[in-house]
Amino acid sequence: MSKKKLNSALRHLSESAFDFLERSVKEIKTHPKYSVIHFATAVELILKARLMREHWTLVVERTSDVSVEDFMSGKAKTVTQVDAIKRLKNACGENIPQDAVTQFGKIAAHRNRMIHFFHEAGKKKADDALTEEIVKELCLCWFHLERLLSDWDDQFDDFKDEIATVTWRMKRLRAYLQVAFDRMKPKIDAAKKVGTAFKTCSGCGFDAAAVTEVSDVLFEQQCTVCGLGEAYIEISCPNECGEILHIDGHNVSGMACEKCGYEVTPEDVADALDTEFSDPSEFEPQINCAQCSSLGSVVQHGETFVCTECLYSEDSAPQCDWCNERQIGGGDLEFSYHTGCEFCEGQAGWTKDD
Ligand SMILES: [Zn+2]
Ligand SMILES: [Zn+2]
Ligand SMILES: [Zn+2]
Ligand SMILES: [Zn+2]
């Protein structure tokens, strides 16, 4: 099988993904059912296209039984979305944030419900409430998908135009949430009067995200329209140029100061957030982040623990009973001696191969 053929198959797969995306966004009012189905399919295809760039066998469910000819003729069963995400992490070193995994899982489940139980027949146009719900869901999915596509811009370099088109269409789609925003407006105004600040939401674009000050450095915002939660920090430029930098969870390291051009490092972020004095002579287990799969990236910030890579935070950082490291974003680790944490396989993994 020539490399050329595989390349053209990959191209088709990616083209198909963007085609589904565009259709999904176009069809929202006339075919809400297909809007969900097509968006969910697009997400799956983009994950598969990224896998296929690594190697075609990664897209196949059971690699050992499949020839490249079977694969090319579409006879081979392909991986589930859950496994695709695992393989992206293990074989390609690509970490999909836990929030994105959850959101992609939701739309996949919604697609299945739509396929089995939702009949459009008899409904000429979707009612407004349904449209609103679906647009919210697509906005949240797109928020995560757009971040992945920007992380993978070298992978989808040939699809800049398609990505720009979908980005533009997604922005226009937000107009369907105007009603939801108008409905929230009196509550937002009332909250503003008593001192709550509101910021623009990255998911739906409305100035509807209520800000909570976790500390004078760390902030969280929760959108009252689409429900997206985001964290950000505000620190003065480590280069001491006087600028205040606003850093969100997607561009924590490598973010450049607009005034002096200084590029923020994870160490700068750790310095700004770490409130604990640690004695270097004392051994402390490192704290990992299961949300973004980073090792040792978490520092204690007052009463909370914050990841300096993705700004995810939690009030406690439980310790794994098997590897003794601590983590946030991966549950309470209750049975970790047996099952391990995000970063180890526990006793079960240890004894599996004996
Ligand atoms: Zn929003
Ligand atoms: Zn600066
Ligand atoms: Zn993290
Ligand atoms: Zn562990």
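Residues numbered from 1 in each chain as written. Chains lettered and ligands numbered in written order. Predicted model: local features only at pLDDT ≥ 70, side-chain atom pairs only at ≥ 80, totals over all residues.

## A short note on the overall build of the protein chain
Short version of the rule: In this text, helices come from DSSP runs of H or I with a minimum length of four residues, and strands from runs of E with a minimum of two, each type numbered from the N-terminal end. C-alpha atoms define the radius of gyration in this analysis, and the globule rule sets the expected value at 2.2 Å times the number of residues to the power 0.38. Counting other C-beta atoms within 10 Å of a residue's C-beta gives its exposure: the residue is buried at 20 or more, exposed at 12 or fewer, and partly exposed in between, where C-beta atoms are placed from the backbone. Contacts here follow a simple rule: the backbone-placed C-beta atoms of the two residues must lie within 7 Å.
A count of helices and strands for the protein chain gives 11 helices and 10 strands. The C-alpha atoms of the protein chain give a radius of gyration of 22 Å, which matches the 20 Å a tight globule of 354 residues would have. With respect to the three principal axes, the spread of C-alpha positions in the protein chain is 65 × 60 × 40 Å. Buried residues in the protein chain amount to 37% of all 354 residues. Long-range pairs, those at least 24 residues apart, make up 50% of the contacts in the protein chain with a sequence separation of at least 6.

## Brief notes about the sheet that holds strand 5 (residues 244–248)
Strand pairs in the sheet, formed through backbone hydrogen bonds, run parallel or antiparallel to each other. Defined as follows: One requirement defines pairing of two strands: DSSP has to find at least two bridges between them.
Pairing is antiparallel across the open sheet formed by five strands, whose spatial order is 1-2-3-4-5. Strands at the two margins of the open sheet, each flanked by one partner only, are strand 1 (198–199) and strand 5. When strand 4 (residues 229–236) meets strand 5, the two strands line up antiparallel, connected through five bridges. Pairing of Ile-235 across the sheet is with Leu-245, part of strand 5.

## Focus: the environment of Thr-200
Within the fold, Thr-200 resides in the loop between strand 1 and strand 2 (209–213). A sequence separation of 48 residues divides Thr-200 from Asp-248, and the C-alpha atoms of the two residues are 13 Å apart. Ignoring sequence-local partners within four residues, the contact set of Thr-200 consists of Gly-205, Asp-207 and Ala-209.

## Some points on the sheet that holds strand 9 (residues 313–314)
The strand order across the open sheet formed by three strands is 7-8-9, and the pairing between neighbours is antiparallel. With partners counted over all chains shown, the strands left at the sheet margins are strand 7 (298–301) and strand 9, one partner each. The pairing of strand 7 with strand 8 (residues 304–307) spans four bridges and is antiparallel. Across the sheet, Gln-300 pairs through a bridge with Phe-305, a residue of strand 8.

## Observations concerning the pairing of strand 2
Inspection of the sheet shows strand 1 paired to strand 2 by two bridges, in the antiparallel sense. In the sheet register, Lys-199 faces strand 2, and the bridge partner there is Ala-209. Where strand 2 folds back onto strand 3 (residues 218–223) in an antiparallel hairpin, the turn is made up of four residues.

## Things to note about unusual backbone geometry
The phi dihedral of Glu-240 is positive, around 60°, even though this residue is not glycine. With respect to the helices, strands and loops of the structure, Glu-240 is situated in the loop between strand 4 and strand 5. For Glu-240, a count of 9 C-beta atoms within 10 Å puts it in the exposed group. The phi dihedral of Leu-311 falls on the positive side, at around 65°, and the residue is not glycine. Assignment of secondary structure puts Leu-311 in the loop between strand 8 and strand 9. By the C-beta count within 10 Å, which is 24 here, Leu-311 ends up buried.

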